[in-house]
Amino acid sequence: AQDRKMQGRKEEGWKQRFDEFVAYKKEHGTAHVVTRPGGQYKLLRSWVKRQREAYKRLQDGKRSSLTEARVKRLELAGFHW
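Here the residue numbering is sequential within each chain, running from 1 through the sequence in written order. Since the coordinates come from a predicted model, pLDDT governs what is reported: local features require at least 70, and pairs of side-chain atoms require 80 or more to be given and counted, while whole-chain, interface and lining totals use all residues. Heavy atoms from the whole structure form the basis of all side-chain values; hydrogens and water molecules are not counted.

Each helix is a run of DSSP H or I of at least 4 residues and each strand a run of E of at least 2, with the numbering of both proceeding from the N terminus. Counting secondary structure elements, the protein contains three helices and zero strands. Along the protein, helices and strands appear, N-terminal first, in the series α-α-α. On the principal axes, the C-alpha backbone points of the protein span a range of 40 × 30 × 20 Å. Remark: exposure states derive from per-residue accessible area (1.4 Å probe, protein chains only) relative to the maximum for the residue type, with buried under 20%, exposed over 50%, and partly exposed in between. Taking all 81 residues of the protein together, 26% fall into the buried category. Any two residues whose heavy atoms approach within 4.5 Å are treated as being in contact. In the protein, the proportion of contacts linking residues at least 24 apart, taken out of those at least 6 apart, comes to 44%. Computed by Shrake-Rupley with a 1.4 Å probe, the accessible areas treat only the displayed protein chains as cover when residues are assessed. Total accessible area on the protein is roughly 6100 Å²; 50% of this is exposed by carbon and sulfur atoms. His is not counted here, nor are the chain ends, while Lys and Arg score as positive and Asp and Glu score as negative. To locate a charge, take atom NZ for lysine, CZ for arginine, CG for aspartate or CD for glutamate. A gap of 3 Å separates the mean positions of the 21 positive and 10 negative side-chain charges of the protein.

As structure tokens, this is what we get:
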């Protein structure tokens, strides 16, 4: 039960950052997330970097937190690997 609870929190965190990414892309017209002065978008930029790292592990046949469903969602949202 504890593992499922933790997994649920991780999924919620991923969805939250994904939604932030979609909003960023809509507002700025680009999927290239840059950190603004004062640290704005720092967490989102770190999340984007982690998605790319997880994608590379997935492509290399290694264990990855990134699922094919997440890859598809990111690609449909205009994410660049």
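What follows deals with unusual backbone geometry. Negative phi is the rule for most residues except glycine; trans is the rule for most peptide bonds. Phi at Y41 is positive, roughly 75°, even though this residue is not glycine. Looking at where Y41 falls in the secondary structure, it is placed in the loop between α1 (2–28) and α2 (42–59). Taking the relative accessible area as the measure of exposure, Y41 reaches 18% and is therefore buried.

A separate point is the pattern of salt bridges. Criterion for a salt bridge: a side-chain nitrogen of Lys or Arg within 4 Å of a carboxyl oxygen of Asp or Glu. Taken as a whole and judged by the stated rule, the model has three salt bridges. Across the salt bridge formed by R17 and E20, the nearest N and O atoms sit 2.5 Å from each other. Placement of the pair is R17 and E20 together in helix α1, with a separation of three residues, close to one helical turn. By relative accessible area, which is 28% here, E20 ends up partly exposed.

The exposure class assigned to R17 is buried, which follows from its relative accessible area of 18%. Within polar-contact distance, the side chain of R17 engages the side chain of E20 at 2.5 Å. Whenever two N or O atoms come within 3.5 Å, that pair is a polar contact, provided that in protein one can donate a hydrogen and the other can accept it, and provided that, for residues adjacent in sequence, both atoms are side-chain atoms.

Aromatic pairing here means that ring centres of Phe, Tyr or Trp (its six-membered ring) are within 6.5 Å. Orientation follows from the plane angle: under 30 degrees is stacked, over 60 is edge-to-face, and everything else is tilted. Under the defined criterion, the tally for this structure stands at six aromatic pairs. Ring geometry for Y55 against W81: centres 3.9 Å apart, planes inclined by 10°, an arrangement best described as stacked. Placement of the pair is Y55 in helix α2 and W81 in the segment after α3 (68–76), with a sequence separation of 26 residues. Between F79 and W81 the ring centres are 4.6 Å apart and the planes differ by 55°, which places this aromatic pair in the tilted class.

Read these as layout, nothing more, since geometry by itself doesn't imply function.
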